[in-house]
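Understanding the architecture of this molecule
Given next are the chains, with one letter for each unit.
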Amino acid sequence: MKLITGLATTAVTGLAVLFLESEREMHSFRVNRYKLQIPGLSGRRLLFVTDYHEAVGGKLNPGLLGAAKRLKPDMILIGGDMVNGKHPKEDVTPAVELINGLADIAPVVYAYGNHECRMEAMTGVPGYDWDGYRERLDRRVRFLRNEQLTVNLGQQAVRIYGLDMYARCYYRKRGELHVEDIEKLLGKRDHSKPAILLAHDPSWFHAYTEWGADLTLSGHYHGGIIRLPVLGGIINPKYQLFPEYDYGVYEENGRIMLVGSGLGQHTIPVRWFNTPELVLLDFE
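Summarised in this report is the structure supplied together with it. Because the structure is a prediction, the values reported are computed rather than measured.

Before going further, it helps to examine the sheet that holds strand β4 (residues 108-111). The strand order β1-β14-β2-β3-β4-β5 describes an open sheet built from six strands, whose pairing is mixed. What marks the edges here is a single partner per strand, and that holds for β1 (30-36) and β5 (142-144). Here the average twist between neighbouring strands, direction ignored, is 25 degrees. Examined bridge by bridge, strand β2 (residues 45-49) and strand β14 (residues 277-283) share four bridges and lie antiparallel to one another.

Put into structure tokens, the structure is as follows:
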């Protein structure tokens, strides 16, 4: 009996510790800094924000905006899923306030994630107000939905592409994304300037590199939700265990993909050993 009681006490204590750690992580954030080499971008600084999901009701916003201001980025790139498109009547105010605050710091470019895609598709359904969300955002925020934008970062012109992939590509066993699909959505890559691709789902890294993106910025996987030493992230939104591209920097044929762990959670409100992050990119 004492053994059973001891085991039960240990189990309850362990679960309590994990719960408190998850709560601590979800109510905090860190700045992760990367130094990258992309031809033509030397000396530039970008801030990458993704998977906000109305993070803890906006409680992180003051800290996030303070950090972004101190970092002095040349541009802020948003990788999607700033809202929760699965839930009707979701309060988008925290996302609006964060994004508009970022627009006061540096130019903001915003590409779709699967939640923006779903929210827009639900236009007209009670509780989903995509148009209202867009109208509340600062007019300086530039949306890229299967579009490109040429910007000057210092003396260098750079093309930024925002990919809104087919909805089926976000779901397991429903369809893959190939370079031909990207060309249908974005056109062929212009090789006259460095290309940064905002592509929310990192699953299709091979297609992004084949298309020609010098740097792909992704999110979607939330760092695997729970991260373990050596093994990395445990699960992705497709419910695949130990996904290949869960977090960090990947390189293929001289082209780079960076996968951020994001700032918030949805559906499974847990983070262990996986603190929310702002991603700072310094180009050497």
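Both strand β6 (residues 147-153) and strand β7 (residues 156-163) contribute to a ladder of seven bridges, which runs antiparallel. In the strand pairing of β7, L149 is matched with I160. Between the antiparallel neighbours β6 and β7 lie two residues, among them G154 with a positive phi of about 70 degrees.

Looking now at helix α3 (residues 93-103). Among the eleven residues that make up α3, nine are buried, leaving the element largely enclosed by the rest of the structure. Within α3, burial applies to P94, A95, V96, L98, I99, N100, G101, L102 and A103.

Glancing now at unusual backbone geometry. Unlike most non-glycine residues, D51 shows phi in positive territory, near 50 degrees. Look at N253: it is not a glycine, yet its phi comes out positive at around 55 degrees. By secondary structure assignment, the location of N253 is in the loop between β12 (248-252) and β13 (255-259). For N253, a relative accessible area of 71% corresponds to the exposed category.

Counting 34 residues, the largest nonpolar core has L47, V49, Y52, M82, I99, Y110 and Y133 as the members making the most contacts within it. Among the secondary structure elements, those contributing two or more residues to this core are β2, α2 (61-71), β3 (75-78), α3, β4, α4 (114-121), α5 (130-136) and β14. In terms of residues, this core owes the most to one element, α3, which gives six residues. In contact with L47, not counting residues within four places along its chain, are A68, L71, P73, M75, I76, L77, L278, V279 and L280. Counting 26 residues, the second-largest nonpolar core is a separate cluster that includes L41, L144, L217 and V279.

Here we come to helix α6 (residues 179-186). Along α6, the residues classified as buried are V179, D181, I182, L185 and L186. Along α6, the residues classed as buried sweep out an arc of 155 degrees about the axis, all on the same side. Tucked inside the fold, the buried residues of α6 contact β6, β7, β8 (195-199) and α7 (205-211). G187 occupies a position one or two residues after α6 and carries a positive phi of about 85 degrees.

Let us now look at the side chain of R159. Checked against the element boundaries, R159 lands in strand β7. Accessibility expressed as a relative area gives 15% for R159, which makes it buried. Among the polar contacts made by the side chain of R159, one reaches the side chain of T150 at a distance of 2.7 Å.

So, how was this worked out
- Residues numbered from 1 in each chain as written.
- Predicted model: local features only at pLDDT ≥ 70, side-chain atom pairs only at ≥ 80, totals over all residues.
- Heavy atoms only, no water.
- Pairing = 2+ DSSP bridges.
- Helix = DSSP H or I, 4+ residues; strand = E, 2+ residues; numbered from the N terminus.
- Axes fitted to C-alpha atoms, helices over the stretch in contact; angles between N-to-C directions.
- Buried < 20%, exposed > 50% of the residue type's maximum accessible area, 1.4 Å probe, protein only.
- Core = buried A, V, L, I, M, F, W, Y, C linked by side-chain atoms within 4.5 Å.
- Contact = heavy atoms within 4.5 Å.
- Arc of directions from axis to C-beta.
- Polar contact = N/O pair within 3.5 Å; in protein donor to acceptor, adjacent residues only side chain to side chain.

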